[in-house]
Each structure stands twice: as C-alpha cells, then as structure tokens.
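# Architecture and fold: a report
Here's the letter readout for the chains.
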Amino acid sequence: MEYLMVIDILGVISFAISGVLSSMKKKMDPFGIFIIAFVASVGGGTLRDILIGFPVAWMRDLTYMYVIMGTSVFAIIFRKKLVYLRKSLFLFDTVGIGLYTVLGIEKGLSADFPPIICIAIGTMTACFGGVIRDILCNEIPLLFRTKEIYATACILGGITYFLLMQFPLSDGVIFTISGAVVIFTRSLAVYFDIRLPSVYFDVDN
Amino acid sequence: MEYLMVIDILGVISFAISGVLSSMKKKMDPFGIFIIAFVASVGGGTLRDILIGFPVAWMRDLTYMYVIMGTSVFAIIFRKKLVYLRKSLFLFDTVGIGLYTVLGIEKGLSADFPPIICIAIGTMTACFGGVIRDILCNEIPLLFRTKEIYATACILGGITYFLLMQFPLSDGVIFTISGAVVIFTRSLAVYFDIRLPSVYFDVDN
Amino acid sequence: MEYLMVIDILGVISFAISGVLSSMKKKMDPFGIFIIAFVASVGGGTLRDILIGFPVAWMRDLTYMYVIMGTSVFAIIFRKKLVYLRKSLFLFDTVGIGLYTVLGIEKGLSADFPPIICIAIGTMTACFGGVIRDILCNEIPLLFRTKEIYATACILGGITYFLLMQFPLSDGVIFTISGAVVIFTRSLAVYFDIRLPSVYFDVDN
C-alpha cells in the first residue's frame with residue numbers, strides 16, 4: 001500500500017495548487033487561500049472514506065496537513081511561475097482527478113467492493129474536491145461548465161482500470177495507464193471541444 | 001423487511017426518472033444523465049445511512065446500480081411518453097419524497113430512534129436527493145422554490161405515520177397512508193397554491 | 001464532560017436564533033423557520049461527529065431537538081425585541097462560531113487527535129452550520145462575504161486554546177478565553193473593517 005500513499009500525496013498537491021490558484025483569483029488573504037487549498041485537497045478523500053467507512057485519512061496522518069501547508073506556501077511564493085503555465089488551473093485540476101479516480105478505485109477494491117461500485121467511488125471522490133473548491137470560491141463548478149467530459153473521463157479511466165486487470169500487468173502499470181486515460185480524455189476533449197451527443201431534443205415541458 | 005426493499009427501489013426509480021428529466025432539460029449527454037439520475041436516487045439514502053451509522057445501501061447491493069441504469073435507459077428511450085405527462089418532473093419528485101419519507105422513518109425505527117428523530121431522518125433524506133439533483137443541474141432547488149410545502153409535507157406524513165401506529169394496523173397500511181399523505185399534501189398545496197402564513201412582517205433589519 | 005453539554009446547548013441556541021432571523025427575512029412559514037433553525041444548529045455538530053466517527057449527537061439526545069423547538073418558538077414570539085438588537089444575526093452567528101470552535105476542539109481532543117487537527121475540526125464545524133443556513137436561505141454565505149475574518153477568527157481562537165493549555169489554567173478558563181478570542185476577533189475585524197493583505201496582484205489568467 002506504499003504507492004497508494006504516494007498517489008494520494010500527489011493528488012493532494014495537485015488539488016492544493018488548484019485551490020491556491022482559484023482562491024488567489026478571488027483576492028483572498030493567506031488564511032483564506034490555505035482553507036480553500038485544504039478543502040479542495042481533502043474533500044474528495046473525506047467523502048470516499050466516509051462512504052467506505054474508513055477513518056478519515058487526513059485526520060489520522062498529519063502528512064496531509066503539512067503537505068497542504070507546504071504546497072500553499074510554495075504556490076503563493078511561485079505564483080508568477082505557475083501562471084506562466086497557461087490554463088494551469090485546468091492542468092492541476094485534471095491531474096488531480098486522474099490521481100483521485102485511480103486512488104478511489106484502489107481503496108474501494110481494498111474494501112472488497114465490486115468493480116462498478118469502485119468506479120462510482122473513484123468518480124465521486126475525484127469530482128467532489130473540485131466542486132467544493134468552486135462553490136467556496138463562489139464560481140460555477142468546473143463539473144457543471146464542462147459537465148460531460150469531467151465525470152465521463154473518470155468513468156472511462158475506471159473502466160480502463162478493470163479491463164487492464166484482466167491482463168498480467170503490475171499494479172503500477174495499471175494505475176499509471178488508467179490515470180493517464182482520465183487526464184488525456186479530459187485534455188483532448190477540451191482541446192478539440194469533443195462532446196458526446198446530448199439527449200434532449202423533444203423535451204419541452 | 002422485504003417490503004422496505006420494494007419501497008426503496010420504487011423511490012430509486014422515481015428519483016432516477018426525475019434526475020433524467022432534469023438533466024435532459026440541461027441537454028446533457030447519456031453519461032451526464034446517468035450521473036444525475038444516480039446522485040438524485042441514492043443521495044437521500046446515503047445521507048440517511050451515514051447519519052444512522054448503517055453501511056451505505058447502494059455500495060453493498062448492486063440492485064440499486066442496475067435499477068438506476070435500467071431506469072435511465074428506459075426513461076431516455078421513452079422520454080416522449082414521459083413528457084406527455086404534464087408536470088412529470090413534479091410527479092416523480094413528489095412520489096419520490098413520499099416513499100423516502102416513509103422509508104427513512106422505518107429505517108430510523110429499526111435503529112431504535114425515537115419518533116421525532118425518525119421524522120427528521122425521513123424529512124432530511126426525502127429532501128436531500130432532490131436538492132443535490134437541482135444543484136448539480138444548476139437550478140434553484142425545488143425545496144427553496146416551494147419551501148414550506150415541500151418539507152412540511154414530509155413532516156405531516158411522518159406525524160401521520162406515528163399517529164397510525166397507535167391503531168392496530170398492518171405495516172403495509174401505515175406506510176401506504178403515510179406516503180399518500182406526503183404526496184397528496186404536496187400535490188394539493190401546489191394545485192390550490194396553499195401556503196402556511198409566513199412570519200416576517202416586523203423584521204426589517 | 002458536563003460543561004461541554006452546556007457549551008453545545010448555548011451554541012445550538014445561538015445558531016437556532018440566527019436560523020430563525022435568516023428564514024424570517026425570507027418570509028418563510030413556521031415549519032420552514034424551524035427547519036432552517038434546526039439545520040443551522042445541528043449542521044456543524046453533525047459534520048464534526050461524522051468526521052470523528054462519534055454517533056451524531058442530536059440523534060441520540062432529544063435535548064437538542066427540544067431546545068431548537070423552544071428557541072424557535074421563543075425567537076418567533078420575541079422577534080420584535082430581537083431586531084432591536086441591531087446586527088442581531090451577526091451577533092448570534094458570531095457567538096455560535098465562538099462556542100462551536102471551542103467545542104469542536106474539545107471533542108477532537110477527547111478522541112485523541114493532535115492539536116492541528118483539532119483546530120481544523122473546530123473551524124470546519126463552526127463554519128458549516130452557517131454555510132448550510134445561508135445556502136438553504138438562498139443567500140451568499142457569510143463565510144464568502146467576509147471570507148478571511150470568519151474562518152481566520154476560528155483558527156486564531158484554536159491557536160489560543162493550545163497556547164493556553166501550556167499554562168496551569170482550568171478548562172473553563174481556557175475555553176472562555178479561546179471562545180472570546182473568536183468572538184472579539186471577528187467583531188473587531190468587522191467593526192474596524194480589518195482584513196489581512198490579499199495575495200493576488202500578479203495573477204491575471
């Protein structure tokens with residue numbers, strides 16, 4: 001389970017940076033920035049742990065708190081560099097959902113849930129941190145602005161995970177490919193403005 | 001406890017259809033529609049199970065997931081028929097809160113909570129799925145648009161439940177009448193535009 | 001642990017009055033007012049208990065329900081007196097976050113969490129009831145309108161708590177001073193319009 005901790009911390013860092021960037025846009029002070037970074041980072045994992053019935057990870061292990069504090073200070077100091085990365089909020093948010101999708105699936109598997117439930121856990125927990133971040137920053141959540149491709153990317157990554165499990169691959173290979181599927185699906189969909197056909201035309205009540 | 005499962009599934013179907021109708025209005029793709037249907041269906045029950053301390057029902061029993069998938073596909077295919085039912089979103093939402101109110105009360109009783117707490121559980125869980133559905137569809141929740149009569153109907157249904165328990169009636173009769181009280185209270189209140197008197201006139205700060 | 005119950009009830013009363021005042025502004029009926037008062041009062045404690053893994057307090061002890069009912073009736077009857085207290089919503093909300101911050105810390109300590117986690121629990125649970133109240137009343141939450149000083153006051157009160165624990169003071173003295181720090185920090189900050197410097201100037205993407 002060592003590498004799960006590594007993915008978790010990488011996800012925490014990604015969402016912490018996305019939280020710092022969102023809150024700086026809103027001209028918050030350092031405390032406010034830290035609070036948004038904290039909630040964005042641990043929101044998804046908290047929902048996941050409560051749903052599964054695990055103890056909430058960040059409450060039992062101070063690593064999360066220190067990583068979020070360190071990341072916030074780092075992101076505030078190097079904010080000029082971060083904004084040179086165009087669409088950097090998009091980047092860190094996307095990496096975050098990729099990592100959290102896979103992590104949610106692996107935590108679900110460790111609690112013996114069936115694949116379809118693991119994918120649901122992964123998708124919900126990947127999306128929840130970002131939704132909370134956007135609500136606290138008083139923005140329309142990314143999830144609603146680009147609805148289909150956000151959660152759909154998580155579901156596709158989850159399906160990839162369980163397809164790959166049919167082959168004799170190491171855990172590291174499976175989670176790397178599955179996480180990459182989430183990240184590339186969302187990135188390509190946004191880049192080429194790809195959307196699935198919507199279903200609505202004859203609803204007019 | 002067999003019939004509790006039946007009520008639960010009926011509630012899941014009602015809220016799933018309400019979720020499909022809400023999300024089709026927003027021109028979502030099939031994945032988005034399924035996600036809204038899923039969250040609307042299991043949101044209330046998830047809150048209820050977490051509050052009571054039960055394992056979350058849909059995570060332990062795949063029936064929920066399959067029913068929501070099946071209902072979503074059915075509702076998408078037969079959407080033309082559904083919209084012929086005028087106010088069909090209202091209809092399915094109302095049936096859903098009626099069923100979930102009674103179900104929440106019965107789950108509360110099975111965990112030995114006192115009547116007043118059971119009514120609170122029933123009301124909160126009946127309302128929560130719809131609130132989440134509306135927030136995810138970026139609409140002002142029904143709960144706020146017709147505030148009083150939505151939750152008030154659940155509370156009246158709950159009071160009916162415990163009044164009927166004083167009489168030698170079968171469980172099936174009690175839950176049918178109580179659920180019907182929720183559904184008819186809300187329907188009549190909306191139809192005749194009945195509201196309780198509001199309390200506000202001398203607050204002007 | 002007797003005095004914890006007293007603080008909890010005082011916090012419940014403060015948030016119940018804040019809920020009654022918020023909902024009367026929205027011209028709700030008596031049922032609606034009670035529901036908002038209830039959710040504002042128990043929202044923070046419910047989140048705290050679920051995070052810590054305690055049974056949810058108001059579901060096991062009817063005192064909460066009766067206190068909220070009594071407070072709501074009292075606040076509705078004496079609403080004319082309450083509104084003579086200018087900024088009375090601000091007052092009760094601020095007393096509420098002061099009490100809930102300290103209570104969250106003490107509950108966290110009783111479950112053996114480290115200080116930094118206890119402060120996070122106290123801050124989150126102090127803020128959550130008010131956020132839920134404002135969302136249900138369809139207002140921009142106070143937390144976002146005066147972002148920095150709301151949660152920041154809770155964090156400062158929490159830091160005060162653990163600093164005072166280094167000295168040979170009674171529990172009562174520690175929680176009184178720490179709660180007062182929250183209340184005075186927020187009151188003074190609003191009165192003198194003090195804000196921490198914001199971090200944003202070179203973010204323009």
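Cut-offs and rules
Residues numbered from 1 in each chain as written. Chains lettered and ligands numbered in written order. Predicted model: local features only at pLDDT ≥ 70, side-chain atom pairs only at ≥ 80, totals over all residues. Heavy atoms only, no water. Helix = DSSP H or I, 4+ residues; strand = E, 2+ residues; numbered from the N terminus. Buried < 20%, exposed > 50% of the residue type's maximum accessible area, 1.4 Å probe, protein only. Contact = heavy atoms within 4.5 Å. Areas by Shrake-Rupley, 256 points an atom, 1.4 Å probe, with all protein chains shown as cover. Salt bridge = Lys/Arg side-chain N within 4 Å of Asp/Glu carboxyl O. pLDDT = per-residue confidence, 0-100. Expected span 1.5 Å × (residues − 1). Arc of directions from axis to C-beta. Axes fitted to C-alpha atoms, helices over the stretch in contact; angles between N-to-C directions. Parallel < 35°, antiparallel > 145°, perpendicular 65-115°, else oblique. Left-handed = near helix turned anticlockwise from the far one by under 90°. Nonpolar A, V, L, I, M, F, W, Y, C, P; charged D, E, K, R; others polar. Phe/Tyr/Trp six-rings, centres within 6.5 Å; stacked < 30°, edge-to-face > 60°. Disulfide = S-S within 2.5 Å. Patch = residues over 30% accessible without salt bridge, like charges linked within 9 Å, V, L, I, M, F, W, Y side chains within 5 Å.

## A closer look at the overall build of chain A
When its secondary structure is counted, chain A shows 10 helices and zero strands. Helices and strands appear in chain A in the N-to-C order α-α-α-α-α-α-α-α-α-α. Each of the 205 residues in chain A was classed as buried or not, and the buried ones make up 57%. Long-range contacts, defined here as pairs at least 24 residues apart, represent 74% of the contacts in chain A between residues at least 6 apart. Of the roughly 8600 Å² that chain A leaves accessible, carbon and sulfur atoms contribute 70%.

## Notes on the pattern of salt bridges
Inspection of every chain in the model, using the stated rule, returns nine salt bridges over all chains. The partner of Arg133 of chain A in a salt bridge is Asp93 of chain A, with the nearest N and O atoms 2.8 Å apart. Of the two residues, Arg133 of chain A sits in helix α7 (residues 115–136) while Asp93 of chain A sits in helix α6 (residues 88–110), which places them 40 residues apart along the sequence. As far as burial versus exposure is concerned, Arg133 of chain A and Asp93 of chain A are alike and both buried. Between Asp93 of chain B and Arg186 of chain B there is a salt bridge, and its shortest N-O distance comes to 3.0 Å. In this pair, Asp93 of chain B is assigned in helix α6 (residues 88–110) and Arg186 of chain B in helix α10 (residues 171–191), connecting sequence segments 93 residues apart. When sorted by exposure, Asp93 of chain B lands in the same class as Arg186 of chain B, which is buried. Taken together, the shared-partner salt bridges connect Asp93, Arg133 and Arg186 of chain A into one network.

## Description of the confidence of the model for chain A
The predicted structure's coordinates, where accompanied by low pLDDT, should not be read in detail. Looking at chain A as a whole, the pLDDT averages 84, with 87% of positions reaching at least 70. Here helix α8 (residues 142–145) of chain A is the element of chain A with the lowest mean pLDDT, 59, and helix α4 (residues 63–77) of chain A is the one with the highest, 92.

## Regarding helix α4 (residues 63–77) of chain B
Residue and element names in this part refer to chain B. Taking 1.5 Å per residue as the helical rise, α4 with its 15 residues ought to reach 21 Å, and the 21 Å between its terminal C-alpha atoms agrees with that figure. Those residues of α4 lying buried are Tyr64, Met65, Val67, Ile68, Thr71, Ser72, Ala75 and Ile76. One side of α4 carries all its buried residues, which in axial view fall inside an arc of 165 degrees. In α4, those exposed residues whose orientation departs by more than 90 degrees from the buried face are Tyr66 and Ile77.

## Focus on the packing of helix α1 (residues 2–25) of chain A against α4 of chain A
Residue and element names in this part refer to chain A. At their nearest, the axes of α1 and α4 sit 9 Å apart, and the two run at 40 degrees to each other. By the angle between their axes, α1 is oblique relative to α4. Crossing of α1 over α4 shows right-handed handedness. The residues of α4 that touch α1, namely those facing Met5, Asp8, Ile9, Val12, Ile13, Ala16, Ile17, Val20 and Met24, are Thr63, Tyr64, Val67, Ile68, Thr71, Ser72, Ala75 and Ile76. Here the residues of the contact of α1 with α4 are counted per class, giving 13 nonpolar, three polar and one charged.

## Regarding helix α1 (residues 2–25) of chain B
Residue and element names in this part refer to chain B. Helix length check: α1 (24 residues) gives 36 Å between terminal C-alpha atoms against 34 Å at 1.5 Å per residue, within 8%. Counting buried positions along α1 gives 17 out of 24 residues, so the element sits mostly inside the fold. Once α1 finishes, Lys27 follows within two positions and takes phi at roughly 60 degrees, a positive value.

## Quick look at the packing of aromatic side chains
Counted under the stated rule, the structure contains 15 aromatic pairs over all chains. Ring geometry for Phe15 of chain B and Tyr100 of chain B: centres 5.1 Å apart, planes at 70 degrees, overall edge-to-face. With a gap of 85 residues between them, Phe15 of chain B in helix α1 and Tyr100 of chain B in helix α6 connect regions that are remote in the sequence. The same class applies to Phe15 of chain B as to Tyr100 of chain B, namely buried. A ring pair is formed by Phe34 of chain B and Phe38 of chain B, whose centres lie 6.1 Å apart and whose planes are at 35 degrees; its orientation type is tilted. Separated by four residues within a single helix, Phe34 of chain B and Phe38 of chain B lie in helix α2 (residues 30–52), roughly one turn from each other. Just as Phe34 of chain B is buried, Phe38 of chain B falls in that class too. An aromatic cluster is present here, built from Phe34, Phe38 and Trp58 of chain A joined pairwise through their rings.

## Section: the side chain of Thr152 of chain B
Locating Thr152 of chain B in the fold gives a position in helix α9 (residues 147–164). Not counting the four nearest positions on each side in its chain, Thr152 of chain B is found in contact with Leu196 of chain B together with Asp29 and Phe31 of chain C.

## Observations regarding unusual backbone geometry
Residues and elements named next belong to chain A. Within the chain, Asp112 stands out as a residue other than glycine whose phi angle is a positive 65 degrees. Within the element layout of this structure, Asp112 appears in the loop between α6 and α7. Residue Asp112 is classed as exposed on the basis of its relative accessible area of 67%.

## Points about the packing of helix α1 (residues 2–25) of chain C against helix α7 (residues 115–136) of chain C
Residue and element names in this part refer to chain C. At their nearest, the axes of α1 and α7 sit 10 Å apart, and the two run at 20 degrees to each other. As the angle between them shows, α1 and α7 are arranged roughly parallel. Considering the relative orientation of α1 and α7, their crossing is right-handed. Packed against α1, whose contacting residues are Phe15, Ser18, Gly19 and Ser22, the element α7 presents Ala126, Gly130, Arg133 and Asp134 at the interface. Considering only residue class, the contact of α1 with α7 consists of two nonpolar, four polar and two charged.

## Let's talk about the environment of Thr176 of chain A
All names here are of chain A. Mapped onto the secondary structure, Thr176 falls in helix α10 (residues 171–191). Residue Thr176 is classed as partly exposed on the basis of its relative accessible area of 48%. In this structure the C-alpha to C-alpha distance between Thr176 and Tyr161, which are 15 residues apart in sequence, comes to 9.4 Å.

## What to know about the state of the cysteines
Two cysteines whose sulfur atoms are joined by a covalent bond form what is called a disulfide. Residue and element names in this part refer to chain A. According to the stated counting rule, one finds zero disulfides over all chains in the structure shown. Here Cys154 stays free of any disulfide, with the sulfur of Cys127 as its closest cysteine sulfur at 4.3 Å. For Cys154, a relative accessible area of 0% translates into the label buried.

## Here's the deal with a nonpolar patch on the surface
A contiguous nonpolar patch, built from Phe184, Leu188, Tyr191, Phe192 and Ile194 of chain A and spanning about 610 Å² of accessible area, is present on the exposed surface. Considering the arrangement of structural elements, one finds Phe184 of chain A in helix α10.

## Focus on the side chain of Thr46 of chain B
Mapped onto the fold, Thr46 of chain B is located in helix α2. By relative accessible area, which is 12% here, Thr46 of chain B ends up buried. Once residues lying within four places of it in the same chain are set aside, the contact partners of Thr46 of chain B are Leu51 of chain A together with Val56 and Trp58 of chain B.

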